[in-house]
2 protein chains.
Amino acid sequence: MSSAATVVELRVLDAAKSCCERWGIAKVTIDDIASESGVSRATLYRLFPGGKDVLFEALRVRELEDFFTRLTAQVEGAADLEDLLVRTVVAATQELRADQHLALMLASEPGDTLGQLTVDGLPRIIRFATVFIVPLVDPYLPRRESARLVELLARLVISYFLAPSDHVDLGNPESARPFITTFILPAFQAALS
Amino acid sequence: MSSAATVVELRVLDAAKSCCERWGIAKVTIDDIASESGVSRATLYRLFPGGKDVLFEALRVRELEDFFTRLTAQVEGAADLEDLLVRTVVAATQELRADQHLALMLASEPGDTLGQLTVDGLPRIIRFATVFIVPLVDPYLPRRESARLVELLARLVISYFLAPSDHVDLGNPESARPFITTFILPAFQAALS
DNA sequence: AGACAGTAAGACAAAATCCGTCTCAGTGTC
DNA sequence: GACACTGAGACGGATTTTGTCTTACTGTCT
């Protein structure tokens, strides 16, 4: 999951990201990324054998790692399970809303981007969420229940982010807390350790 | 100079403009513009025989016409020559600074865009400025002097827009007025009618 | 009804671009 | 000197884009 990423690799990924923001993934060429990162095309293929697909895969992975790294940093030191869950969904929702890169992608290439948040990408997002968040939940629940809970929350955060509701605002603690206590916690009450 | 532009033509030019903002002129294809404007490629070639070059030429012309139309509307009713000149350079500078399309182009494709403001495009800009602004100056100066004056101002506005000065801000009347009265008007004093 | 102008859809070949791989030369390190 | 890493760029093949052309549809005018 993690990265012994060299400095060159990071430069390339940064270049890919900014190219992507400028032109959208469909319009970016390997040469664009190469010249933007000041790296030759040969090097780029050596680093990411498979070309654009592999490169953007790696970029998505890095973005996810960064996302969850920031997220876990924001929610550490929660007092109890309820507090942890509320802070997690709130922070995640706010991160999503503040993500400039994501906003641009959603605006310029809704199809691909939505795929990365739903059908194609959701399983991976859930994997990442599991890896990063389950350890935080583990003190309160058996491992199996933790995984179920984290998956559920990940799905809900994304759904409410993509299509906001009139009834709940998961970016707002005052709204998220009753949502968590009413709909989520009771289902796991029996398993509370 | 002017346009018996049909509604289809306008739709196409609007589409070209928004495509251009999204991807930059280098990445836009004829098909992009065709589908964005909901017009078939055949029609597009009928309207602009010559393809992308001719189309973007037409777009630049239209942008210039719009620019100077808005500009002349803003400066009508000036009391005297000094007032006219000050209001013109101020309005032009502010228009330039507020032009979202221009800002995007300058950011994403500095080379081409700068060319359109300097070496390649400046002569045309001056022609447009002449056509639109000289009539306003004519009451005060002989025709030949008007043209010289307008050209000079056009060059100055663009230069100060592209590379702002610490000494003058042509977007600010309080700064533009002494500039005009000190450096511009005296040179044309002799020719004042 | 029939002529006609304007258009969408799409086939087609030619041109341009992009891709992925490869070689070669240069550079810095051990 | 051996070695790993890189930039530059050549190369053929795949893909995209271009510009032209044909066909069929639609509405308007006579």
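Data block above holds the structure.
Because the structure is a prediction, the values reported are computed rather than measured.

1. Overview of the packing of helix 5 (residues 81–98) of chain B against helix 9 (residues 143–162) of chain B
For any two helices packed against each other, the geometry is given by the interaxial angle and the distance between the axes.
Residues and elements named next belong to chain B.
Then, in step 1: Between helix 5 and helix 9, the shortest axis-to-axis distance is 10 Å and the interhelical angle comes to 40°. Here helix 5 runs over helix 9; the crossing is right-handed. Residue-level contacts link Leu 85, Val 89, Ala 92, Thr 93, Leu 96 and Arg 97 of helix 5 to Leu 149, Leu 153, Val 157 and Phe 161 of helix 9.
Then, in step 2: Residue composition of the contact of helix 5 with helix 9, by class: eight nonpolar, one polar and one charged.

2. Quick word on the protein's contact with DNA strand C
Then, in step 1: Near DNA strand C lie 16 residues; those nearest to it are A:Ile30, A:Arg41, A:Tyr45, B:Ser40 and B:Thr43.
Then, in step 2: Counted by atom, the contact set of DNA strand C within 4 Å of the protein is 54% sugar and phosphate.
Then, in step 3: In the model, a phosphate oxygen of DNA strand C is placed 3.1 Å from a nitrogen or oxygen of the A:Ile30 main chain.
Then, in step 4: Between A:Tyr45 and DNA strand C, the recorded distance is 2.7 Å, taken from a side-chain N or O atom to a phosphate oxygen.
Then, in step 5: Listing elements by their share of the surface near DNA strand C, those giving two or more residues are helix 2 (30–37) and helix 3 (41–47) of chain A together with helix 3 (41–47) of chain B.

3. Here's the deal with the protein's contact with DNA strand D
Then, in step 1: The local shell around DNA strand D holds 16 residues, among which A:Thr43, A:Arg46, B:Ile30, B:Arg41 and B:Tyr45 are the closest.
Then, in step 2: Close to the protein, within 4 Å, the atoms of DNA strand D belong to sugar or phosphate groups at a rate of 55%.
Then, in step 3: The backbone of A:Gly38 places a nitrogen or oxygen atom 3.3 Å from a phosphate oxygen of DNA strand D.
Then, in step 4: Take A:Ser40: an N or O atom from its main chain is 3.0 Å from a phosphate oxygen of DNA strand D.
Then, in step 5: Breaking the surface near DNA strand D down by element, the ones donating at least two residues are helix 3 of chain A together with helix 2 (30–37) and helix 3 of chain B.
Then, in step 6: With four residues, helix 3 of chain A is the largest single contributor of residues to the surface near DNA strand D.

4. Examining the pattern of salt bridges
A side chain with one charge may pair with a side chain of the opposite charge, provided their charged atoms come close.
Residues and elements named next belong to chain A.
Then, in step 1: Scanning all chains against the criterion turns up 32 salt bridges over all chains.
Then, in step 2: The salt bridge partner of Arg 177 is Asp 83, with a shortest N-O separation of 3.8 Å. Of this pair, Arg 177 sits in helix 10 (residues 173–189) while Asp 83 sits in helix 5 (residues 81–98), placing them 94 residues apart in sequence.

5. Some words on the nonpolar core
Then, in step 1: A:Phe68, A:Leu71, A:Leu85, A:Val137, A:Leu149, A:Ile180 and A:Ile184 are the most contacted members of the largest nonpolar core, which totals 44 residues.
Then, in step 2: Within the residue set of this core, elements represented by two or more residues are helix 4 (52–75), helix 5, helix 8 (122–137), helix 9 (143–162) and helix 10 of chain A.
Then, in step 3: Grouped together as the second largest cluster of nonpolar side chains are 40 residues, B:Val86, B:Leu122, B:Val150 and B:Ile158 included.

6. What to know about the interface of chain A and chain B
Then, in step 1: Contacts between the two partners involve six residues from chain A and, on the opposite side, seven residues from chain B.
Then, in step 2: Between chain A and chain B the total buried area reaches about 560 Å² when both faces are included, carbon and sulfur atoms providing 51% of it.
Then, in step 3: Contact with chain B buries area across many residues of chain A, yet A:Arg22, A:Trp23 and A:Lys27 alone supply 84% of it, more than any other trio.
Then, in step 4: Put simply, chain A and chain B have two salt bridges between them.
Then, in step 5: With a closest N to O distance of 2.3 Å, A:Asp32 and B:Lys27 form a salt bridge.
Then, in step 6: The interface formed by chain A and chain B holds four residue pairs in polar contact (both at pLDDT 80 or more) in total.
Then, in step 7: Residues of the side of chain A that touches chain B, tallied by class, amount to two nonpolar, one polar and three charged.

7. Thoughts on the relation of the copies chain A and chain B
Then, in step 1: The two copies are related by a screw operation: chain A maps onto chain B through 178° of rotation and 0.1 Å of translation along the axis, at an RMSD of 0.0 Å. Classification of the inter-copy transformation places it as that of a two-fold axis. By C-alpha distance to the rotation axis, the residue of chain A lying nearest is A:Trp23, at 2.4 Å.
Then, in step 2: An overlap of 100% is found between the interface residues of chain A and their copies at the interface of chain B, pointing to a shared contact surface.

8. Overview of the packing of helix 6 (residues 100–108) of chain B against helix 7 (residues 110–117) of chain B
Residue and element names in this part refer to chain B.
Then, in step 1: Taken N-terminus to C-terminus, the directions of helix 6 and helix 7 make an angle of 125°; their axes are 6 Å apart at the nearest point. Considering their axes alone, helix 6 and helix 7 lie oblique with respect to each other. In contact with Leu 102, Met 105, Leu 106, Ala 107 and Ser 108 of helix 6, helix 7 contributes Pro 110, Thr 113, Leu 114 and Leu 117.
Then, in step 2: Along the lines of polarity and charge, the residues of the contact of helix 6 with helix 7 split into seven nonpolar, two polar and no charged.

9. With respect to helix 10 (residues 173–189) of chain B
All names here are of chain B.
Then, in step 1: When the terminal C-alpha atoms of helix 10 are compared, their 21 Å separation across 17 residues is substantially less than the 24 Å that a helix rising 1.5 Å per residue should span.
Then, in step 2: Taken as a whole, helix 10 carries its principal kink of about 40° at Ile 180.
Then, in step 3: Three or more residues of helix 10 are buried, namely Ser 175, Ala 176, Phe 179, Ile 180, Ile 184, Leu 185 and Phe 188.
Then, in step 4: Packed against the buried residues of helix 10 are helix 5 and helix 9.
Then, in step 5: Where helix 10 begins, the side chain of Asn 172 points an oxygen toward the backbone nitrogen of Glu 174, at a separation of 3.0 Å.

The rules behind the values
Throughout, a residue's number is its position along its own chain's written sequence, starting from 1. For this description, chains carry letters from A and ligands carry numbers from 1, given in the order in which they are written. In keeping with the predicted nature of the model, local features appear solely for residues at pLDDT of at least 70, side-chain atom pairs appear and are counted solely at 80 or more, and the whole-chain, interface and lining totals rest on all residues. Side-chain descriptors were evaluated using all non-hydrogen atoms of the structure, hydrogens and water having been removed beforehand. Every axis in this analysis is a line fitted to C-alpha atoms, fitted for helices over the stretch in contact. Angles between the N-to-C directions lie between 0 and 180 degrees. Secondary structure follows DSSP: runs of H or I at least 4 residues long count as helices, runs of E at least 2 residues long count as strands, and numbering of each begins at the N terminus. Should the near helix be turned anticlockwise from the far one by less than a right angle, the crossing is termed left-handed; should it be turned clockwise, right-handed. Residues count as neighbours in contact if any of their non-hydrogen atoms are within 4.5 Å of one another. Three categories are distinguished: nonpolar for Ala, Val, Leu, Ile, Met, Phe, Trp, Tyr, Cys and Pro, charged for Asp, Glu, Lys and Arg, and polar for the others, with Gly belonging to the last. We call a residue near a molecule or strand when any one of its heavy atoms sits within 4 Å of it. Pairs of N or O atoms are called polar contacts if they sit within 3.5 Å, as long as, within protein, a hydrogen donor faces a hydrogen acceptor (for residues adjacent in sequence, only side-chain-to-side-chain pairs). Here a salt bridge means any side-chain nitrogen of Lys or Arg lying within 4 Å of a carboxyl oxygen belonging to Asp or Glu. Working definition of a nonpolar core: buried Ala, Val, Leu, Ile, Met, Phe, Trp, Tyr and Cys residues. They are joined through side-chain atoms within 4.5 Å. Throughout, exposure labels follow a simple rule: accessible area from a 1.4 Å probe, protein chains only, divided by the maximum for the residue type, with under 20% read as buried, over 50% as exposed, and the rest as partly exposed. Accessible surface is computed with a 1.4 Å probe, and the buried area is the amount of it that two parts give up when combined, taken over both parts together. A residue counts toward the fit only if its pLDDT is at least 70 in both copies, and the copies are then superposed by least squares on the C-alpha atoms of those residues. Throughout this description, any angle smaller than 35 degrees is read as roughly parallel, any larger than 145 degrees as roughly antiparallel, any in the 65 to 115 degree range as roughly perpendicular, and the remainder as oblique. Each residue after the first adds 1.5 Å to the expected span of a helix. At any given residue, the bend is defined as the angle formed between two axes, one fitted to the seven residues that end at that position and one fitted to the seven that begin there.

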